[in-house]
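# An overview of the molecular structure
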Amino acid sequence: GVTADLSVQEKGFAVLNREWKPGDQVSVTFPMKVRTSTWFNNSQAVEYGPLIFAVKVEEDWRIGTDDAAKEIQYDPVGEFDRKEVYPASDWNYGLVLNEADPEGSFEITAEDEISLQPFILDNAPITMKVKGQLIPQWKLKGNVVPEPPYSPIAPDESLQREIELVPYGCTRIR
């Protein structure tokens with residue numbers, strides 16, 4: 001391939017002027033960096049380019065049988081039982097970031113090839129590793145995740161471990 005230097009034109013457009021042949025390809029790489037944003041209770045979201053990341057939580061799929069707490073009663077039709085997903089691994093983490101260099105706290109791994117269905121947990125095309133701290137007092141209420149505790153939390157190295165983040169769109173448990 002041939003690298004072409006482009007300058008951004010008016011309104012953000014770039015023009016690549018050339019004679020095109022069948023099979024020509026254009027590959028564009030946008031500069032991206034990890035950043036965090038602050039949300040409810042001073043919690044942090046992790047962003048990388050256009051993606052937002054979430055903790056990778058293993059899934060436990062079950063057939064729903066208890067409709068007592070639901071407003072709508074559901075009768076399954078044929079093979080289409082109501083499926084519910086529950087966490088099969090810890091999900092209740094807070095980030096432990098280097099305050100002087102938050103971006104340096106993340107190790108990014110991108111796959112060389114993107115699968116046909118990239119937005120499922122096992123096929124995440126890009127992942128991040130970062131130190132997280134388990135927050136034992138942040139628990140499910142029934143089968144719903146309540147609001148995050150106010151951050152920052154008191155550091156406790158015995159509760160800290162490396163965690164994996166995946167694009168939010170790859171998760172079903174968020």
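In what follows, the accompanying structure is described. (Residues numbered from 1 in each chain as written. Predicted model: local features only at pLDDT ≥ 70, side-chain atom pairs only at ≥ 80, totals over all residues. Heavy atoms only, no water.)

## Quick notes on a nonpolar patch on the surface
A grouping of Leu-6, Leu-16, Trp-20, Val-26, Val-28, Phe-30 and Met-32 is seen on the molecular surface, where their side chains present a nonpolar patch of about 700 Å² in accessible area. By the secondary structure assignment, Val-28 is in the segment before β1 (34–38). (Patch = residues over 30% accessible without salt bridge, like charges linked within 9 Å, V, L, I, M, F, W, Y side chains within 5 Å. Areas by Shrake-Rupley, 256 points an atom, 1.4 Å probe, with all protein chains shown as cover. Salt bridge = Lys/Arg side-chain N within 4 Å of Asp/Glu carboxyl O. Helix = DSSP H or I, 4+ residues; strand = E, 2+ residues; numbered from the N terminus.)

## Examining the nonpolar core
Within the largest apolar cluster, 18 residues are counted, with the highest numbers of intra-cluster contacts made by Val-46, Phe-53, Phe-106, Met-128 and Leu-165. Every element with two or more residues in this core is listed here: β2 (44–48), β3 (51–55), β8 (126–134) and β9 (160–167). For this core, the element with the highest residue contribution is β8, accounting for four residues. Ignoring sequence-local partners within four residues, the contact set of Met-128 consists of Val-34, Val-46, Tyr-48, Phe-53, Phe-106, Glu-107, Ile-108, Ile-163, Glu-164 and Leu-165. (Core = buried A, V, L, I, M, F, W, Y, C linked by side-chain atoms within 4.5 Å. Buried < 20%, exposed > 50% of the residue type's maximum accessible area, 1.4 Å probe, protein only. Contact = heavy atoms within 4.5 Å.)

## Notes on unusual backbone geometry
Residue Ser-151 is joined to Pro-152 through a cis peptide bond whose omega torsion reads 5°. Tracing the backbone shows Pro-152 in the loop between β8 and β9. Its identity as a non-glycine residue notwithstanding, Asn-41 has a phi of 55°, on the positive side. By the secondary structure assignment, Asn-41 is in the loop between β1 and β2. Of note in the backbone geometry, Asn-42 takes a positive phi value of approximately 65° without being a glycine. Tracing the sequence through the fold places Asn-42 in the loop between β1 and β2. With relative accessibility at 30%, the residue Asn-42 sits in the partly exposed group.

## Quick word on the packing of aromatic side chains
Under the defined criterion, the tally for this structure stands at one aromatic pair. The lysine or arginine in question, Arg-18, covers the ring of Trp-20, its NZ or CZ lying 4.8 Å from the ring centre. The ring of Tyr-86 is capped by Arg-62, whose NZ or CZ atom sits 4.1 Å from the centre of that ring. (Phe/Tyr/Trp six-rings, centres within 6.5 Å; stacked < 30°, edge-to-face > 60°. Lys NZ or Arg CZ within 6 Å of the ring centre and 35° of its normal.)

## A word on the environment of Asn-41
On the basis of relative accessible area, Asn-41 is assigned to the partly exposed category, the value being 23%. Once the C-alpha coordinates of Asn-41 and Pro-31 are considered, the two residues, ten residues apart in sequence, prove to be 30 Å apart.

## What about the pattern of salt bridges?
Evaluated as defined, the whole model comprises five salt bridges. Of the charged contacts, one joins Glu-59 and Arg-172 as a salt bridge, the two residues approaching to 3.1 Å between their closest N and O atoms. Residue Glu-59 is located in strand β4 (residues 59–63), and its partner Arg-172 is located in the segment after β9; the two are separated by 113 residues in the primary sequence. Salt-bridge contacts for Asp-60 lead to Arg-62; the nearest nitrogen and oxygen are separated by 2.9 Å.

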